[in-house]
Amino acid sequence: MNSTAETDVKQWAVSLELLMDDAIGLQEFTKYLQKEYSLENIQFWLAVKDFKEKKELEILQVSKQIYDEFLSPGAPCEINIDGKTKQKILENMKSPSRFMFDDAAEHVYTLLLKKDSYPRFIRSEHYKDLLVNGVQPLNKQRFLIQTLAVIDCLRILMFFGLFLCVNYKVSPLILAARLCNSWNSLDTRSLRREAIYADNVRVGGRHNTQLY
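Residues numbered from 1 in each chain as written. Predicted model: local features only at pLDDT ≥ 70, side-chain atom pairs only at ≥ 80, totals over all residues. Heavy atoms only, no water.

- The name an unreviewed UniProt entry gives the chain is RGS domain-containing protein, with Aphis gossypii as the organism.

Here it is in structure tokens:
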């Protein structure tokens, strides 16, 4: 399964519309229908959806392809719809339009997918496995984000410390001590004063540490 957030997988159980609008959700639902030997329903519905976007010059050819694959007697992916709807489509084949399969698509979507296949999918082990596996990528993603955030903070501290050491002559030991004491902010003026004082003591002299 592709990486999917836990919340996305849970949303699939809200409605068939949310499931079908999600690319991965549609993919997983299609896999389930294939195992249930009812793949032709989703294939027909998607074919009709795509058919409605076709250009006028393509309508005749594509309508015949859909009819031959899903509706003709003995079709390789024949869908289960009532004879009246099928007969109406056959008559419309004489003068095809992009809306000629709408009744059949509505029948498949409402009665076969929404009221039958979709509830069984939500109750299936397939969906339960998706819920379990969907938690893992989310936790890993959170851990990665948190790790990167810590690394960024360490980098900022490192460069800030280097900046203080180079530009304000702050002793690395003093800086480390301040950081270990968990100071929320660094007082660069006081650190510089203490650094100068420490340097003066080291060389055996004490000078004015006033900063201007």
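Picking up where we left off.
1. Describing the overall build of the chain
Stage number 1. Scanning the chain from terminus to terminus reveals ten helices and zero strands.
Stage number 2. What you see in the chain, going N to C, is helices and strands ordered as α-α-α-α-α-α-α-α-α-α.
Stage number 3. Expressed as a percentage of the 212 residues in the chain, the buried residues total 33%.
Stage number 4. Of the contacts made within the chain by residues no fewer than 6 positions apart, 55% connect residues no fewer than 24 positions apart.
Stage number 5. Element-wise, carbon and sulfur atoms account for 56% of the exposed surface of the chain, whose accessible area totals about 14,000 Å². (Helix = DSSP H or I, 4+ residues; strand = E, 2+ residues; numbered from the N terminus. Buried < 20%, exposed > 50% of the residue type's maximum accessible area, 1.4 Å probe, protein only. Contact = heavy atoms within 4.5 Å. Areas by Shrake-Rupley, 256 points an atom, 1.4 Å probe, with all protein chains shown as cover.)

2. With respect to unusual backbone geometry
Stage number 1. At Y37, a residue that is not glycine, the phi angle is positive and equals roughly 60°.
Stage number 2. Considering the arrangement of structural elements, one finds Y37 in the loop between helix 3 (23-35) and helix 4 (39-51).
Stage number 3. With relative accessibility at 74%, the residue Y37 sits in the exposed group.

3. Focus: the packing of helix 4 against helix 7 (residues 102-123)
Each pair of packed helices can be described by the angle between their axes along with the distance between the axes.
Stage number 1. It is at 10 Å that the axes of helix 4 and helix 7 come closest, and there the two elements cross at 140°. In terms of orientation, helix 4 and helix 7 fall into the oblique class. Here helix 4 and helix 7 pass one another in a crossing that is left-handed. Taking contact as the criterion, the partners of N41, I42, F44, W45 and V48 in helix 4 are, on helix 7, D102, A104, A105, V108, Y109, L112 and L113.
Stage number 2. In terms of residue class, the contact of helix 4 with helix 7 is built from ten nonpolar, one polar and one charged. (Axes fitted to C-alpha atoms, helices over the stretch in contact; angles between N-to-C directions. Parallel < 35°, antiparallel > 145°, perpendicular 65-115°, else oblique. Left-handed = near helix turned anticlockwise from the far one by under 90°. Nonpolar A, V, L, I, M, F, W, Y, C, P; charged D, E, K, R; others polar.)

4. Some words on the nonpolar core
Stage number 1. One finds L16, M20, F29, F44, L71, F101 and L113 to be the most contacted residues of the largest nonpolar core, which totals 39 residues.
Stage number 2. Residue assignment for this core shows that the elements contributing at least two residues are helix 2 (16-21), helix 3, helix 4, helix 5 (59-71), helix 7 and helix 8 (125-167).
Stage number 3. If one sorts the elements of this core by residue count, helix 7 sits on top with eight residues.
Stage number 4. Beyond its immediate sequence surroundings of up to four residues, L71 is in contact with F44, I66, I79, I81, K86, I89 and F101. (Core = buried A, V, L, I, M, F, W, Y, C linked by side-chain atoms within 4.5 Å.)

5. Remarks on the packing of helix 4 against helix 5
Stage number 1. The contact between helix 4 and helix 5 brings their axes to 11 Å, and the two run at 170°. Of the possible angle classes, the one that applies to helix 4 and helix 5 is roughly antiparallel. Taken together, the residues of helix 5 that come into contact with helix 4 (itself represented by E40, Q43, F44, A47 and F51) are I59, V62, S63, I66, F70 and L71.
Stage number 2. Grouping the amino acids of the contact of helix 4 with helix 5 by side-chain chemistry returns eight nonpolar, two polar and one charged.

6. Points about the packing of aromatic side chains
Stage number 1. On inspection of all chains with the given rule, the structure shows seven aromatic pairs.
Stage number 2. Measuring from centroid to centroid gives 6.4 Å for F44 and F101, while their planes differ by 90°, and the two rings are edge-to-face. Linking F44 in helix 4 with F101 in the loop between helix 6 (83-92) and helix 7, this pair joins segments that are 57 residues apart in sequence. With respect to burial, F44 and F101 carry one shared label: buried.
Stage number 3. Relative to Y127, the ring of F121 has its centre 5.6 Å away and its plane inclined at 55°; by these criteria the two rings are tilted.
Stage number 4. A residue is classified by how much of its surface remains accessible, and Y127, at 4% relative accessible area, is buried.
Stage number 5. Members of the aromatic cluster, each reached through a chain of ring pairs, are F29, Y32, F121 and Y127. (Phe/Tyr/Trp six-rings, centres within 6.5 Å; stacked < 30°, edge-to-face > 60°.)

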